[in-house]
Amino acid sequence: MEIVYDVVIIGGGMAGLTAAIRLGQAGLRVAIVSRGDPIVCLSTGCIDVLASGENPLEGVEKLPENHPYHLVDREFIKEALNHFLSVVKEEGLPYDGTWEKNRKVLTPLGVGKTTCLVPETMVASTADGEARLHVISFAGLKDFYPGYILARMPASDLSVLEMGRVSTMSLASRFETEEFLDFFLSWLKSTDIKADLIALPAVLGWQKAPAIKDRLEDELRRPVFEIPTLPPSVPGIRLHRALVRKALRLGTQFYRGRPISTVEKAAQLVEAVTLESPGRPIRVNGRAFILATGSFVGGGLISHRSGVEEVVFHLPVSYPVDRMNWFGEKFLPPEHPIEEAGILVDGEFRPKNTDLENLFVAGSILAHSRVLRYGCGHGLAIVTGEAAASSCLRYLKWQAEGDTCSKTA
Amino acid sequence: MFQNCIRCTVCVENCPVFAVNPLFPGPKQAGPDAQRFRLDGEAVVDDWVKYCCQCRRCQTACPYGVPCADIILRAQMKHEEVKSFSRQMFARVHTLGRISSSLAPLVNFLMRRERVKSLMRKLGVSTSIPFPSYRFRTLERSWKNVGLLTGRKEKKVALFHGCFMNFNQPEIGRKIRNLLSILGYEVTIPPQTCCGLPALGNYDEERARKYAQKNLDCLIPYVDAGYDILYTCTSCGLTITHDYQKILQVSGGKKVAENTYYLYDYLLNTLSKEAITSLLGEVDLKVTYHIPCHLKALGIGYPFREILASIPGLDLSIQDEYCCGLAGSYGFKRENEETARLIGEKAARRIEETQANVIVSDCGACRMQLSHLTGCEAVDPADILEKSLLARGMKLKLSYFFLGSHRVGISV
């Protein structure tokens, strides 16, 4: 009498969490199985929808025909991103932006990164070389070198707070305490700030970050913004945690830290996955499954000499077979053909060339997604996560109806 | 396995110590990075390995299968530091428990005296949170037929109770026995000793191995006789299922691990959910369920949450983001006192935000730390479950009251 989940999601990244939240809101019993924490923890926390062009939503139309964005219509993309905005807002991590306009946020290298939706602590961010920033840095913080920014934005000023040995994470923890925040503010007020904008590495606390930013802005009477840092990336962790909290609240079960050892199938259905364990094997049963394990970096795909493998279900992978094209002058350029690799799906996000009925695929493991080339990682994860969840819902409803039909018959 | 590390820092992001103590370089450097330079048979000279609290969040989070916490634990045990008094003391919590429970009134009285406390502090033991009190009537003393191996029922289970439940909170064990009896299981307590985690955490590998071997010798006959082994302490559970094989490499570890279950996971997997939920009565409480790090590390999901969510009237919130900081005996050592408090404060503030009247947590150490830091009562899952069962009414209450022996099964 083991538990049977309505949906088992493999992979706890942006796509998997988005799907879990959507399904949880629909009242389904959901489990997420993950081998470890996802790449989103290491990211800037910004949501890239499509980095090429001014208007991401219009840009989608210009993508090659085989891009997975084309599996849904524009309205669906809007709804999915809107849903994301409402979820993070409910979790106290409001985001700003619209899918009709890209923006630039300042990176620690002093150049702009094109993105779409940004956490409220980065709203004022600018990468304009003419801009005059007052950059705050912390001596002893290894993961942030303001010199790069000052070199590219020469009108800017710099103040350094002596802190001893610190990390982005320990700073974020300290910002959450009243005493440190008061101390920081009094230090900041004692420095002579001439610039109109204040920029500092992304360390403004964890869940209190939006409130801390507001307080700094109120007291300093200037916009303040965060610059995402090298990992450990506080804004990435905030985003991940906010989505996990939401999923947990909706009743999602998390099976963490365990890779999948076997998959049980019966006819055209996946019935269970078994997780590796030093003790008793951990079996997770489901009526439907979503594969959201990411591509090579996320661990969903592995490239062997003999070909590219999908690690969980061993689904057929579409990839550029001619390896001679994998070589080039540059190291992993965004246009590298390996980025085409992934799973081909039908309109319901079911893998093609298999007979599995209850398996759906989402996120960067989708073939031709080319998230680096197009700058669409988190956006595509959110949209296809929602889409796979919708397909799952339709499938389970259809199945339940089939059951009642057969019973009445 | 450190070769699998791609230095993504996901482990660091999950390290509660790194987030508050700048002296600890984080699990990446303390684990896989430094491991490249450590030689077999050589003492470890990196003084900072001792700051790791072994919550194992890094290992649970690592997407590339690097056992960061295991690497650090092995390094800790090879640390050249002379064994301090507090380490030696905490490595022997089982012996300590046996003596203290026999002299419980005296020990409890002494542990509250300021003079004794200041002496303890001088010896490197933290007294910032109250030491748990001991009971003379331990679980083993109050249990008839400890070591009974001749269960007749088909559903028979052997309870690995752990030191804390035995010496400090035996009433929880009695509640669990009654609960299991109501659900139709025959419960026995096998002979057992400390799981060995306190010895491991205080760098006494030899003692840990001795404990492990003894437990396996005691438990294997039960496995052979068809018993399922249940644990209620998630840290004991992790030690038995993981550390016995992966750290201590004692023979028989696999066999026992394969037949060992977390109590609530076992219930959910052997009974239908309805068999449990039909027994549950209304509990009008606002509860925060704090997930112990070691439950997270077990990778079995959060089974008790399924039961909690089915209790009518219960206003439930769940918290798995923060470590409590105490980490068994870690926070009871003066050198870690401040780190443990800083980590715990974060968890405590989050719980306070939920305005819960009661904290529920599977781990005794988490409960101690969080109730101390929040001033809010912290209870074991069995306490809440009992409340809910009692709320079903008099009939159950009476049968419950007269339930003297583990051999009596009650059908409700």
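Keep in mind that what you see is a predicted model, and the values were worked out from it rather than measured.

### Topic: the environment of A:Val345
All names here are of chain A.
Then, number 1: In this structure, Val-345 sits in the loop between strand S16 (307-310) and strand S17 (359-361).
Then, number 2: For Val-345, a relative accessible area of 9% translates into the label buried.
Then, number 3: Each C-alpha atom, one on Val-345 and one on Ala-367, is 8.1 Å from the other, the two residues being 22 residues apart in sequence.
Then, number 4: Once residues lying within four places of it in the same chain are set aside, the contact partners of Val-345 are Leu-71, Arg-350, Pro-351, Lys-352, Val-361 and Leu-366.

### A closer look at the sheet that holds strand S3 (residues 228-231) of chain B
Residues and elements named next belong to chain B.
Then, number 1: With respect to topology, four strands assemble into an open sheet ordered S2-S1-S3-S4, the strand pairing being parallel. Where the open sheet ends on each side, the last strands, each with one partner, are strand S2 (186-188) and strand S4 (260-262). Ignoring strand direction, the axes of neighbouring strands in this sheet form an average angle of 35 degrees.
Then, number 2: Where strand S1 (residues 156-160) and S2 come together, three bridges link them in parallel fashion. Along S2, the bridge assignment pairs Lys-156 with Glu-186.
Then, number 3: Against the sheet, helix H13 (residues 234-246) contacts S1, S3 and S4, and its axis sits at roughly 155 degrees relative to S4.

### Here we look at the domain arrangement of chain B
Residues and elements named next belong to chain B.
Then, number 1: Taken as a whole, chain B is organised into domain 1 (2-76) and domain 2 (274-391).
Then, number 2: The distance between the C-alpha centroids of domain 1 and domain 2 comes to 27 Å.
Then, number 3: Taken together, the contact pairs 14 residues of domain 1 with 15 residues of domain 2.
Then, number 4: Between domain 1 and domain 2, roughly 1200 Å² of surface is buried when both sides are summed, and carbon and sulfur atoms account for 59% of that area.
Then, number 5: Its largest share of buried area at the contact with domain 2, domain 1 owes to Val-20, Cys-53 and Arg-57, together 46% of the area lost on that side.
Then, number 6: Seen at the junction of domain 1 and domain 2, the total is zero salt bridges.
Then, number 7: Counting every contact that joins domain 1 to domain 2 gives six residue pairs in polar contact (both at pLDDT 80 or more).

### Brief notes about helix H8 (residues 234-249) of chain A
Then, number 1: Taking 1.5 Å per residue as the helical rise, H8(A) with its 16 residues ought to reach 22 Å, and the 22 Å between its terminal C-alpha atoms agrees with that figure.
Then, number 2: Positive phi shows up at A:Gly251, right after H8(A), with a value of about 95 degrees.

### Structural notes on the nonpolar core
Generally speaking, nonpolar side chains in soluble globular proteins are found buried as a group.
Then, number 1: Counting 141 residues, the largest nonpolar core has A:Tyr69, A:Phe84, A:Leu239, A:Val284, A:Ile290 and B:Leu267 as the members making the most contacts within it.
Then, number 2: For this core, the element with the highest residue contribution is helix H10 (residues 377-408) of chain A, accounting for ten residues.
Then, number 3: Setting aside residues no more than four positions away along its own chain, B:Leu267 makes contact with B:Leu179, B:Leu180, B:Leu183, B:Tyr185 and B:Ile276.
Then, number 4: Residues B:Val49, B:Phe131, B:Val256 and B:Leu370 belong to the second largest nonpolar core, which totals 93 residues.

### Some words on the interface of chain A and chain B
How big an interface is tends to be stated in terms of accessible area lost as the parts join.
Then, number 1: Opposite the 42 residues of chain A that make contact, chain B presents 48 residues.
Then, number 2: With both chains or domains summed, chain A and chain B bury close to 3700 Å², and 48% of this area falls on carbon and sulfur atoms.
Then, number 3: The salt bridge partner of A:Arg29 is B:Glu306, with a shortest N-O separation of 2.7 Å.
Then, number 4: Counting across the chain A and chain B interface gives 21 residue pairs in polar contact (both at pLDDT 80 or more).
Then, number 5: Elements represented by at least two residues in the side of chain A that touches chain B include exactly helix H5 (168-175), H8 and strand S11 (253-255) of chain A.
Then, number 6: It is H8(A) that contributes the most residues to the side of chain A that touches chain B, six residues altogether.

### Observations regarding the domain arrangement of chain A
Residue and element names in this part refer to chain A.
Then, number 1: According to the domain assignment, chain A contains domain 1 (4-94 + 237-408) and domain 2 (125-222).
Then, number 2: Summarising the inter-unit geometry, the C-alpha centres of domain 1 and domain 2 are found 36 Å apart.
Then, number 3: Taken together, the contact pairs six residues of domain 1 with eight residues of domain 2.
Then, number 4: Both faces considered, domain 1 and domain 2 share a buried interface measuring about 550 Å² in area, 56% of it formed by carbon and sulfur atoms.
Then, number 5: Connecting domain 1 to domain 2 are zero salt bridges.
Then, number 6: Classifying every residue of the side of domain 1 that touches domain 2 by side-chain character gives two nonpolar, one polar and three charged.

### Brief notes about the packing of aromatic side chains
Then, number 1: Scanning the model with the defined rule gives 20 aromatic pairs over all chains in all.
Then, number 2: Both rings, one in B:Tyr185 and one in B:Tyr266, keep their centres 5.8 Å apart while their planes meet at 50 degrees; by these two values the pair is tilted. Taken together, the positions of B:Tyr185 in the loop between helix H10 (170-182) and S2 and B:Tyr266 in helix H15 (residues 263-270) put the pair 81 residues apart, joining distant regions of the chain. Neither residue differs from the other here; B:Tyr185 and B:Tyr266 are each classed as buried.
Then, number 3: Both rings, one in B:Tyr262 and one in B:Tyr264, keep their centres 5.7 Å apart while their planes meet at 70 degrees; by these two values the pair is edge-to-face.
Then, number 4: Judged by its relative accessible area of 2%, B:Tyr264 is buried.
Then, number 5: Each member of the aromatic cluster is reached from another via a ring pair, and the members are A:Phe138, A:Phe175, A:Phe180, A:Phe183, A:Phe184 and A:Trp187.
Then, number 6: The cationic tip of B:Lys155 hangs over the ring face of B:Tyr185; the distance from NZ or CZ to the ring centre is 4.7 Å.

### Considering the packing of helix H6 (residues 178-190) of chain A against helix H7 (residues 209-220) of chain A
All names here are of chain A.
Then, number 1: Following both chains from N to C, one finds H6 and H7 inclined at 30 degrees, their axes separated by 11 Å at the closest point. Relative to H7, the crossing made by H6 is right-handed. For the pair formed by H6 and H7, the contact residues are Glu-178, Leu-181, Asp-182, Phe-184, Leu-185, Leu-188 and Lys-189 on the first element and Ile-212, Arg-215, Leu-216, Glu-219 and Leu-220 on the second.
Then, number 2: Partitioned by chemical class, the residues of the contact of H6 with H7 number seven nonpolar, no polar and five charged.

### Topic: the sheet that holds strand S6 (residues 315-319) of chain B
All names here are of chain B.
Then, number 1: Judged by pairing direction, the sheet is parallel, and its four strands sit side by side in the order S6-S5-S7-S8 without closing on themselves. The sheet is open, and its two edges are formed by S6 and strand S8 (377-379), each paired on a single side. Pairwise comparison of adjacent strand axes, ignoring direction, gives a mean angle of 25 degrees for this sheet.
Then, number 2: As judged from the four bridges shared by strand S5 (residues 286-290) and strand S7 (residues 358-361), these two strands associate in the parallel manner.

### Considering empty space enclosed by the protein
Then, number 1: In the structure shown here, the tally under the stated rule is ten cavities of 30 Å³ or more.
Then, number 2: Looking at the second largest cavity, its volume works out to about 230 Å³.
Then, number 3: Along the walls of the second largest cavity sit 15 residues, with A:Asp37, A:His240, A:Arg256, B:Asn14 and B:Lys296 positioned nearest its centre.
Then, number 4: At the level of elements, H8 of chain A together with helix H3 (57-61) of chain B are the ones that each hand at least two residues to the lining of the second largest cavity.
Then, number 5: Looking at the lining of the second largest cavity element by element, the count peaks at four residues for H8(A).
Then, number 6: In the lining of the second largest cavity, the residues fall into four nonpolar, three polar and eight charged.

### Brief notes about a nonpolar patch on the surface
Residues and elements named next belong to chain B.
Then, number 1: Residues Ile-99, Leu-103, Leu-106, Phe-109 and Leu-110 make up a contiguous nonpolar surface patch of roughly 450 Å² in combined accessible area.
Then, number 2: Looking at the nonpolar patch element by element, the count peaks at three residues for helix H7 (residues 104-111).
Then, number 3: Relative to the assigned elements, Phe-109 resides in helix H7.

### Quick look at the pairing of strand S12 (residues 260-266) of chain A
Residues and elements named next belong to chain A.
Then, number 1: Pairing between S12 and strand S13 (residues 269-275): six bridges, direction antiparallel. Counted as the bridge partner of Thr-262 is Thr-274 from S13.
Then, number 2: The hairpin formed by S12 and S13 contains two residues between the paired strands, and Ala-267 there has a positive phi angle of roughly 50 degrees.

Cut-offs and rules
Residues numbered from 1 in each chain as written. Chains lettered and ligands numbered in written order. Predicted model: local features only at pLDDT ≥ 70, side-chain atom pairs only at ≥ 80, totals over all residues. Heavy atoms only, no water. Helix = DSSP H or I, 4+ residues; strand = E, 2+ residues; numbered from the N terminus. Buried < 20%, exposed > 50% of the residue type's maximum accessible area, 1.4 Å probe, protein only. Contact = heavy atoms within 4.5 Å. Pairing = 2+ DSSP bridges. Axes fitted to C-alpha atoms, helices over the stretch in contact; angles between N-to-C directions. Domains from an automatic or database assignment. Buried area = accessible area lost by both parts, 1.4 Å probe. Salt bridge = Lys/Arg side-chain N within 4 Å of Asp/Glu carboxyl O. Polar contact = N/O pair within 3.5 Å; in protein donor to acceptor, adjacent residues only side chain to side chain. Expected span 1.5 Å × (residues − 1). Core = buried A, V, L, I, M, F, W, Y, C linked by side-chain atoms within 4.5 Å. Nonpolar A, V, L, I, M, F, W, Y, C, P; charged D, E, K, R; others polar. Phe/Tyr/Trp six-rings, centres within 6.5 Å; stacked < 30°, edge-to-face > 60°. Lys NZ or Arg CZ within 6 Å of the ring centre and 35° of its normal. Left-handed = near helix turned anticlockwise from the far one by under 90°. 1 Å grid on protein atoms, 1.4 Å probe; cavity = no way out; pocket = protein on both sides within 12 Å on 5 of 7 lines; lining within 4 Å. Points joined across faces, edges and corners; volume = space filled by probe spheres on them. Patch = residues over 30% accessible without salt bridge, like charges linked within 9 Å, V, L, I, M, F, W, Y side chains within 5 Å. Areas by Shrake-Rupley, 256 points an atom, 1.4 Å probe, with all protein chains shown as cover.

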